[in-house]
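# Summary of structural features
Listed below are the residues making up each chain.
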Amino acid sequence: MSGPWSTLLSVAMMGSERQTFTAPALSGAVGELLQRAAASVDDPTRALLHAAGVLAVCERAGLRGVPQPDEPTLPPPAAAETRPALTTPELVERLTRALDDTPRRLQIELLQRLNRAGLRLPATLLPLVLDAGRRDSRLRPALEAVLGERGRWLAVRNPDWRYASGASEQVPEERLWAEGNLAQRLDLLRRQRARDPDAARERLNHSLSELPARERTELLAALATGLSPTDEPLLTDSLKDRSRDVRRAAAGLLVRLPDSAHVQRAGARMAACITRTDPARWQVGAPETAGEDWKADGIELDRPRHESLGERAWWLYQLVRRTPLDWWTAQLQADPPALLRRAVRSEWAEALVRGWHDVLQHDPRVDWCLAFVAHWPGKLLQHGVDSVLGLLPPEYRVPLWINRLQRDPKMKPQAYMALLEEIFQASPEHEPLPPELSTALLEPLTRLATRQALHQHQGLRAWLPELAAALHPAALERFGTLPRHEDEPSNLTETLHRCAQITDCRRAFGRILHHRDQEPAP
Amino acid sequence: MQPDTETVLALAPDAGSAKAARDLVKPAKWPTLGANDAAVWGECRGSGSKPYQTQVDLSGPAFRCTCPSRKFPCKHGLALLLLRAGEPGLFSPSAPPAWVEEWLATRAARAQKQAQKQQAAAPAADPQAVQRQEARRCARIEAGVAELAQWLADQIARGLGNLPPDSRVRWEAMAARLVDAQAPGLAQRVRDAAAELQQGPDWPERVLRQLGLLHLACEAVPRRESLSAPVQDDLRTVLGWARDNAEVLARAEPVPDLWIVLGQIREEREPNLLERRVWLHGLHSGRRALILEHAHGGRGFETPWPDGAALRIPLAFYPGAAALRALPFTVPEAPQPHPWPTVPAEAEWRTVAERVAASPWVPLHPVLCDGTPEITADGRCRLHHQGRQLALCLREADRWSLLALSGGHPIELMGEWDGHVLQPLAARGPDGYWRRSVS
């Protein structure tokens, strides 16, 4: 309670009929005024109310907050900026709207363009952008680059925006390993594997027995980075782990160490299944019985309940998935396409193909991936072709897609949409699709638009804004000139309007920022 | 006058209408669109079979729409203006259709008739009847004030710490009796005090302050004849005895100046009653002015006062010593962007003090000050100004946008000051502007 009020309040709370009020003695002009007011009123209750009124008015006239305490409490201001802010009003407005309800690709692209132009976000947009990054973590790398000093300063002050405060996890590694969640520990392990693989393995080895099965599986998979023969002992031990997932993970990693004892044994068992009628012809058979030493290597002897393979086929599958792919090409003197073609016609096709597919997931080889894509075994595998496509580096995927698009310009909406989905899933969000792919995508799309087939498949219509955000800038203009029709349904008009807004936005940013950009203008 | 997106959104009666209008900004929904210098029009596909016909007379702006919405302006009118601001290419310059021409013609005729009526002398009301009415009101007010004075004494006599648990209801009943006594201003103050009962750690001080101010009014009413005319006018304002706009305009001397719009705020006082306060600074006179308006029943406010603009317009100040509330003599037009005035801090606070001394019941004072905002770890906001800390009243989202503008550096701030807390309405800094968000 502040000074002058304490006298008034103690009486006011108790009740003036219980406690008599006497006006507080204050110095200065306010004190004089209070005395004069007290003198003019005889009834103590009225005197209290009168004094309260006088004090209230004097406060309103003269109070100006509270004085600063001696130690300064104000935190230091943001450091000086190193980049100029985006000031063009049109772009600020477009960016504000884009952060509301557009594909993430577009948001990332706009932020990246800002970055490449050497600009930072204007201060007025910082809360909006930081909130967007809080909701959507995939936006964070792009936005962190253009926050500027003020953005980072602001992020430190709001717990919701800690992710962007720069010196994020300055927590020492030991503490992070002991107290962090699984995602943090996984990230730590991967980073350490990149720097110092042996130390990372030792760290994992040390904690392995205390961790639950799921964590053992995921952390073990981190050893994929920087894998070397020195990891063999730990992996071989993990083959005896009580969790099946851990055993599988270990086996998957071992398949990349051809000189390991485990793989040597696997090769020997596999060789036992191959019969050669003559040097050029070979046949794969399934084992008659399971060997005694199989269990020690963690080979699953019992097939699961709803497994389509028979018992012997299952055993063959287990052997195949522990054998490196190189073994086959070396042993049988054939290239992957030939092997695949033979395998598909073989009696044990499913076991072989599934086994190779599994190995491919752990050890993607371009030649085998291409062979699979070219001769997709179809119903033998439960996965789609994107499970293999995703393993290929981009320079291989793109020509395959372009090929499919060019082979079939009269694609139906369903097929086109499926291909779009595949492309989007496999393409990173932080860069547009390559120009040749973009151009190839427009051909069937134009046909569909001409034939008024775009709205027939609702899923396709939903992908169009994403496409507008993903196309290479060189193809944007053609996308904007898709044929339109008088009687097109309103939801298609709405979608195309949204697409037009997205392309306008991209072009505006490209045009206005390009003179600072290193890239040529679209 | 072609309004831009922000101005249009400011015309919305509430946030829901603004959002609904934004959702309608889709060319697919508007089969017809047209515009010329005087008006904008279009047909909007709605849920019915016939599209709605919407039109806006830009010289207002004034809206008309055939949709059944009771809000004003409706979302169609707002959407039409938003489309015009965002995508002018969609509007074919064509001759307006019949339904637009008719309405514009009717409006022009009506405006002309009203101008003629204003010029013609208004018939004087019967002075004796007016006097009798006023005397009756005065008598009721005096009785109400006497009851209030006794009631205040009763609360203090019993003690604020000994109030029964249903005090809030009882105090609201007292406020209702004051409304019956035709003193709605006093009633509102009693309601405000009731709302603070037992709210927060220092509620006794806050409530006592308000009761003290009410007591001063109760003391003043019986002695009003001995008070000066301006103070009597202020007393009338405290009582809540409203003044007719026409009366204010007739009595006041026009004060011409270039008036800079410092900041504004829209608040819902009661369900369906919106209040808007616009604070102005006269560049040449250095005076401050408050445009206080109310809108009922879902209507928006017609006159836009763009933030950061200056308008050359004569104002009519309400009578009273406060000299704060004012009315524009004519409809403001042609706003020009204008920087804020620089007023030294001492002079600014002195103006507040002098205004309080002249007119103690003014609830809010416009204050321009520079300082550095801070959000403490426990979520309080304050401004570091001239070696002191002022408490700031800010909503969650506004805090961060204000802090972003400041970056820990001093900025210029304009807000409403009630003696203890500053509610920022607008701010300027080297990196741009900040404005209190609408909702």
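Residues numbered from 1 in each chain as written. Chains lettered and ligands numbered in written order. Predicted model: local features only at pLDDT ≥ 70, side-chain atom pairs only at ≥ 80, totals over all residues. Heavy atoms only, no water.

### Quick word on the overall build of chain B
- A tally of helices and strands in chain B yields 12 helices and 16 strands.
- Taken over C-alpha atoms, the radius of gyration comes to 25 Å for chain B, in line with the 22 Å a tight globule of 439 residues would show.
- Principal-axis analysis of the C-alpha atoms gives chain B an extent of 75 × 65 × 50 Å.
- In chain B, which comprises 439 residues, the share counted as buried stands at 47%.
- Contacts spanning at least 24 positions in sequence make up 60% of the contacts within chain B whose residues lie at least 6 apart.
- Measuring between centres, the 51 positive side-chain charges of chain B sit 4 Å from its 50 negative side-chain charges. (Helix = DSSP H or I, 4+ residues; strand = E, 2+ residues; numbered from the N terminus. Rg over C-alpha atoms; globule rule 2.2 N^0.38 Å. Buried < 20%, exposed > 50% of the residue type's maximum accessible area, 1.4 Å probe, protein only. Contact = heavy atoms within 4.5 Å. Lys, Arg positive; Asp, Glu negative; His and termini not counted. Charge placed at Lys NZ, Arg CZ, Asp CG, Glu CD.)

### Topic: the overall build of chain A
- Each helix and strand in chain A was counted, giving 27 helices and three strands.
- Taking 522 residues into account, the globule formula puts the C-alpha radius of gyration at 24 Å, and chain A, at 36 Å, lies well above it.
- When the 522 residues of chain A are sorted by exposure, 47% land in the buried category.
- Pairs at least 24 apart in sequence give 67% of the contacts found in chain A among residues at least 6 apart.
- In the form shown here, chain A has an accessible surface area of approximately 26,000 Å², with 50% of it arising from carbon and sulfur atoms.
- Each charge sign in chain A was given a centre, from 68 positive and 69 negative side chains, and these centres are 3 Å apart. (Areas by Shrake-Rupley, 256 points an atom, 1.4 Å probe, with all protein chains shown as cover.)

### Focus: the interface of chain A and chain B
- Contact with chain A, which involves 53 residues of that partner, is made by 59 residues of chain B.
- In total, chain A and chain B occlude about 4,800 Å² of area from one another, counting both sides; carbon and sulfur atoms represent 62% of this.
- Counting the surface chain A buries against chain B, the share from its top three residues, Leu49, Arg60 and Arg64 of chain A, is 18%.
- There are five salt bridges connecting chain A and chain B.
- Linking Lys26 of chain B and Glu494 of chain A is a salt bridge whose minimum nitrogen-to-oxygen distance equals 3.9 Å.
- Our enumeration of links across chain A and chain B arrives at 22 residue pairs in polar contact (both at pLDDT 80 or more).
- Those elements that place two or more of their residues in the side of chain A that touches chain B are α1 (3-14), α3 (44-62), β1 (66-67), α6 (126-135), α8 (148-157) and α27 (490-513) of chain A.
- For the side of chain A that touches chain B, the element with the highest residue contribution is α3 of chain A, accounting for 13 residues.
- Classifying every residue of the side of chain A that touches chain B gives 28 nonpolar, 15 polar and 10 charged. (Buried area = accessible area lost by both parts, 1.4 Å probe. Salt bridge = Lys/Arg side-chain N within 4 Å of Asp/Glu carboxyl O. Polar contact = N/O pair within 3.5 Å; in protein donor to acceptor, adjacent residues only side chain to side chain. Nonpolar A, V, L, I, M, F, W, Y, C, P; charged D, E, K, R; others polar.)

### Considering the packing of helix α10 (residues 182-195) of chain A against helix α11 (residues 197-207) of chain A
- Two elements in contact, α10 of chain A and α11 of chain A, have axes whose closest approach is 6 Å; the angle formed by their N-to-C orientations is 145°. Packed against α10 of chain A, whose contacting residues are Leu188, Leu189, Gln192, Arg193 and Arg195 of chain A, the element α11 of chain A presents Pro197, Ala199, Ala200, Arg201, Arg203 and Leu204 of chain A at the interface. (Axes fitted to C-alpha atoms, helices over the stretch in contact; angles between N-to-C directions.)

### What to know about the pairing of strand β16 (residues 432-435) of chain B
Residues and elements named next belong to chain B.
- One ladder, built from four bridges, connects strand β15 (residues 421-429) with β16; its direction is antiparallel. Directly across from Ala426, in β16, lies its bridge partner Arg435.
- Turn length for the β15-β16 hairpin, with the two strands adjacent in sequence and antiparallel, is two residues. (Pairing = 2+ DSSP bridges.)

### Focus: the pattern of salt bridges
- What the rule picks out here adds up to 59 salt bridges over all chains.
- Among the salt bridges present, the one from Arg321 of chain A reaches Asp358 of chain A, with a minimum N-O distance of 3.0 Å. Of this pair, Arg321 of chain A sits in the loop between α16 (311-320) and α17 (325-332) while Asp358 of chain A sits in helix α19 (residues 349-362); the two residues are 37 residues apart in sequence, bridging distant segments of the chain.
- Arg321 of chain A gets classed as buried once you look at its relative accessible area, which sits at 16%.
- In this structure, the salt-bridge partner of Arg206 of chain B is Glu196 of chain B, at a minimum N-O distance of 2.3 Å. Of this pair, Arg206 of chain B sits in helix α8 (residues 203-220) while Glu196 of chain B sits in helix α7 (residues 184-196), and the two are 10 residues apart along the sequence.
- Overall, the relative accessible area of 22% leaves Glu196 of chain B in the partly exposed class.
- In this structure, a network of salt bridges that share partners links the residues Arg193, Asp198, Arg201, Glu202 and Asp231 of chain A.

### Digging into the pairing of strand β1 (residues 32-35) of chain B
Residues and elements named next belong to chain B.
- As judged from the four bridges shared by β1 and strand β2 (residues 39-44), these two strands associate in the antiparallel manner. Bridge pairing in β2 links Thr32 to Glu43.
- Between β1 and the antiparallel strand that follows it, β2, lie three residues.

### A few points about the nonpolar core
- Counting 190 residues, the largest nonpolar core has Trp328, Trp356, Tyr416 and Leu467 of chain A together with Leu148, Trp171 and Leu186 of chain B as the members making the most contacts within it.
- By residue number, the principal contributor to this core is α8 of chain B, which donates 10 residues.
- The residues touching Trp356 of chain A, leaving out its near neighbours within four places in the chain, are Val320, Leu325, Trp328, Leu339, Leu340, Ala343, Trp368 and Phe372 of chain A.
- Ranked by size, the runner-up nonpolar core spans 25 residues in total, among them Leu182, Leu188, Leu208 and Leu219 of chain A. (Core = buried A, V, L, I, M, F, W, Y, C linked by side-chain atoms within 4.5 Å.)

### Let's talk about empty space enclosed by the protein
- Applying the stated criterion across every chain yields a total of five cavities of 30 Å³ or more.
- Looking at the largest cavity, its volume works out to about 60 Å³.
- Among the residues forming the lining of the largest cavity, the class breakdown is five nonpolar, two polar and two charged. (1 Å grid on protein atoms, 1.4 Å probe; cavity = no way out; pocket = protein on both sides within 12 Å on 5 of 7 lines; lining within 4 Å. Points joined across faces, edges and corners; volume = space filled by probe spheres on them.)

### Quick word on helix α23 (residues 413-426) of chain A
Residues and elements named next belong to chain A.
- For α23, with 14 residues, the first-to-last C-alpha span of 20 Å sits near the 20 Å given by 1.5 Å per residue.
- Within the span of α23, buried status applies to Pro413, Tyr416, Met417, Leu419, Leu420, Glu422, Ile423 and Phe424.
- Residues of α23 that are buried sit in contact with α5 (104-116), α21 (386-389), α22 (394-407), α24 (435-450) and α25 (458-470). (Expected span 1.5 Å × (residues − 1).)

### What about the confidence of the model for chain B?
- The pLDDT averaged across chain B works out to 89; a share of 97% of its residues lies at or above 70.
- Complex prediction metrics read pTM 0.76 and ipTM 0.81. (pLDDT = per-residue confidence, 0-100.)

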